[in-house]
Amino acid sequence: MTSNEDILNEIISIVRPFVDPSLELTPDFALIDSGAIDSASMINILLELEGRLGIQLGAADLTFEQFQSCRTLAGALSSK
Amino acid sequence: MAASVVQSASLRRRNGAATAISSRGKSYSVAEILKAAKALAQQFSQVRQNLAARIGLNPPCVLLPSSQPAAFLAALIAARMEGFISVPWRDAVIPPDAIADAVRPDLKLHFDEGVIDRCSVKMLDSDAFIGERHGDIIMMTSGSTGQPKGVALVLDQILLNALSAGAVMEIWKCTGWAIDIDVGLMSGLNHLLMAWQFDLPCHHLSAGGDDIYETTFSTGAVGFGGSPIQLVRMGNRLDSSCPVMMVSSGDFLMPSMIDQVLERFPDTLVHKLYGLTELGGRFCCMPHQFLLGRKESAGLPLPGFRARVSAETGVIEARSPLLTAGYYLPGGDFSPMKDGWFSTGDVGSIDADGVVTLNGRSNDVFKVGGEKVDRHTIEVELAPLLPAIDYCVLAVEHRLLGQCAALFVVDSGSGDLPKWAEIVAHLRSRLHPRFIPSLMYKVEGALPRLASGKIDRESLRSSHLSFQRLQ
């Protein structure tokens, strides 16, 4: 069974290409508030999440609030 | 009964020799317009006899072509004098059939080029309108559906509205008024009647060469009325002379556009008008002296209007005797307007001074990732980056986000289109990340437009996947 920690690490690796390489992408790094990701990159991250995690996301399954950090994202996805 | 404003406008003492309208290189004096109106009224009177069997007790309904503004104005006055219902018809761009289904006109006019005192009258063989007619002028609008419908109004009230808007802006400071809008549109009609009411020669710039702009504005204190993009383009077009006054109507004049105009012409008075056809023309006005401190606002309601914000929807509502009697709908039905407050469909606020500020159309606010976004905010912030490029932002359906913002930007092929990354960087420095359009598309040539001249949003929305993504 995949642990939450595994999911978190996978998410960090998925998100990393979409943010400035100079940023230190920690689990609690503020993705939205820092402006590291936006609505445009969010779509690409969602597509990547579907492919890499083998899940099917529906319309508006994930909110901006859940995109606050990789950890909040992992928490939201672990219930999918 | 009070004398008709139209009749008093035509009967009151005027300088008959003064120019009323200049168009396509010809000028028409006040006396020529009024003489033509009387001649046309006689022609209308004769035609009326032939219509009795068709229309019963209803007044005749006539399509007035708008491509010749002087003939149009004379025919408008004549129709009012004879008790006809006028339907301004943009004959250069709209086939009569597109109007006929909704308003069921009985007649249409044709003017030969440069002739304003006689017209050929053609009886129309569409089904006659069933039921009672309302108002004496029907303005066509496509609304948000793209289906033309007629808005039943009263010409005297449109004239009063034009008078009060002109008074608030003190357009008597001008010696002439220039427009570049089809007078068959509400904003064009409003500008035409405003000039008429204030005895200003109205210069219709359409169909003139580029030199007509410089020439017109070098003749004195001429004002210009047009859509926001026309104001900016006018500024770019003129080399030396400048309009003494610029008045925006139609779409919303963004603060950045005001800055652009004033940077080029610091002495020009810029006024902003906000109106709706259903309200008989202009609803709010933000005069120059107040505009500079509140560039984002739509202005104060004009005399005769009350405004409030719906507590439920946040939409601005208006109440006025000028409100339309109702809509002539496709299929020939008439839908009466309910008494009371009219919903403008524009989300906004009203401050303690009564100043109305708009935040976009009610359906312009949507949720991206659970957070509210309004397309108007994005468009405003894009204006400095895309000063000479047509664009719009719309909400489109998306499999993963539910809805998202999509930017449609025209690629003219001149190489001035910013790259995707530049647009993102520009918006990121100004807006919350949720406002960044998730999709950005290039549109070749021009944005699709409805017959009213407004952007065909439904067409863009429904076919957005067919456009090429911006790189």
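Just so you know, the residues in each chain are numbered from 1, in the order the chain's sequence is written. Each chain takes a letter, starting from A, and each ligand takes a number, starting from 1, following the order in which they are written. Local features are withheld for residues below a pLDDT of 70 in this predicted model, meaning they are given only at 70 or higher, and side-chain atom pairs are given and counted only at 80 or more; totals for whole chains, interfaces and linings count all residues. Water and hydrogen atoms were dropped before computing side-chain values, which therefore reflect all heavy atoms in the structure.

Draft legend 1. Inspection of the overall build of chain B at higher detail. In DSSP terms, a helix is any run of H or I states spanning at least four residues, a strand is any run of E spanning at least two, and both are numbered starting from the N terminus. Counting its secondary structure elements, chain B contains 14 helices and 27 strands. The C-alpha radius of gyration of chain B comes to 23 Å, within 12% of the 23 Å expected for a compact globule of 471 residues. Structurally, chain B occupies a C-alpha span of about 65 × 50 × 45 Å along its principal axes. The proportion of buried residues among the 471 residues of chain B is 56%. Any two residues whose heavy atoms approach within 4.5 Å are treated as being in contact. In chain B, the proportion of contacts linking residues at least 24 apart, taken out of those at least 6 apart, comes to 65%. When the accessible surface of chain B is split by element, carbon and sulfur atoms take 51% of a total near 19,600 Å². We treat Lys and Arg as the positive residues and Asp and Glu as the negative residues; His and chain ends play no part in the count. Where a charge lies is defined by one atom per residue type: Lys uses NZ, Arg uses CZ, Asp uses CG and Glu uses CD. Separation of charge centres in chain B, based on 44 positive and 48 negative side chains, amounts to 2 Å. Here the radius of gyration uses the C-alpha set of atoms, whereas the globule reference equals 2.2 Å times the residue count to the power 0.38. Each residue gets one of three labels from its accessible area relative to the maximum for its type: buried under 20%, exposed over 50%, partly exposed in between, using a 1.4 Å probe on protein chains only. The Shrake-Rupley method, run with a 1.4 Å probe sphere, supplies the accessible areas, and residue values consider only the shown protein chains as cover.

Draft legend 2. Broad picture of the overall build of chain A. When its secondary structure is counted, chain A shows three helices and zero strands. Helices and strands appear in chain A in the N-to-C order α-α-α. Its C-alpha atoms put chain A at 30 × 25 × 20 Å along the principal axes. Counting the 80 residues in chain A, one finds 41% classified as buried.

Draft legend 3. Examining the pattern of salt bridges more closely. When a carboxyl oxygen of Asp or Glu is within 4 Å of a side-chain nitrogen of Lys or Arg, the pair counts as a salt bridge. With the rule as written, the count across this model stands at 22 salt bridges over all chains. The salt bridge involving B:Arg375 is made with B:Glu379; its shortest N-O contact spans 2.6 Å. Taken together, the residues B:Arg375 and B:Glu379, both in helix 12 (residues 375-382) and four residues apart, mark about one turn of the helix. Put simply, A:Glu10, A:Glu48 and A:Arg52 are held in one network by salt bridges that share partners.

Draft legend 4. Examining the domain arrangement of chain B more closely. Note: domain ranges come from an automatic or database domain assignment. Taken as a whole, chain B is organised into domain 1 (5-152), domain 2 (156-321 + 341-361) and domain 3 (369-469). Inter-centroid distance (C-alpha atoms) of domain 1 of chain B to domain 3 of chain B is 39 Å.

Draft legend 5. Highlighting the environment of B:Gly166. Residue and element names in this part refer to chain B. Relative to the elements of secondary structure, Gly-166 occurs in helix 6 (residues 155-169). Residue Gly-166 is classed as buried on the basis of its relative accessible area of 0%. The spacing of Gly-166 and Phe-198 is 32 residues in sequence and 7.8 Å in space, taken between C-alpha atoms. Beyond its immediate sequence surroundings of up to four residues, Gly-166 is in contact with Ile-171, Met-194 and Phe-198.

Draft legend 6. Region of interest: the interface of chain A and chain B. Of the residues lining the interface, 22 residues belong to chain A; the matching set on chain B comes to 21 residues. At the surface where chain A touches chain B, the tally comes to one salt bridge. Residues B:Arg428 and A:Asp38 are paired through a salt bridge, measuring 2.5 Å at the closest nitrogen-oxygen approach. The term polar contact refers here to a pair of N or O atoms within 3.5 Å; inside protein, the definition further demands a hydrogen-donor-capable atom paired with an acceptor-capable atom, and it admits residues adjacent in sequence only when both atoms are side-chain atoms. If you look at where chain A meets chain B, you find seven residue pairs in polar contact (both at pLDDT 80 or more). By residue class, the composition of the side of chain A that touches chain B is 13 nonpolar, six polar and three charged. Under the convention adopted here, Pro, Cys and the residues Ala, Val, Leu, Ile, Met, Phe, Trp and Tyr are nonpolar, Asp, Glu, Lys and Arg are charged, and Gly plus all remaining residues are polar.

Draft legend 7. Expanded view of the packing of helix 4 (residues 69-81) of chain B against helix 7 (residues 186-197) of chain B. Residue and element names in this part refer to chain B. All axes are obtained by fitting lines to C-alpha atoms, using only the stretch in contact for helices, and the reported angles, taken between N-to-C directions, cover 0 to 180 degrees. At a closest axis distance of 12 Å, the pairing of helix 4 and helix 7 adopts a crossing angle of 80°. Judged by the inter-axis angle, helix 4 sits roughly perpendicular to helix 7. Listed contacts from helix 7 to Phe-72, Leu-73, Leu-76 and Ile-77 of helix 4 are Leu-189, Leu-192, Leu-193 and Trp-196. Residues of the contact of helix 4 with helix 7, tallied by class, amount to eight nonpolar, no polar and no charged. Angle categories are assigned with fixed cut-offs, so that under 35 degrees is roughly parallel, over 145 is roughly antiparallel, 65 to 115 is roughly perpendicular, and the rest are oblique.

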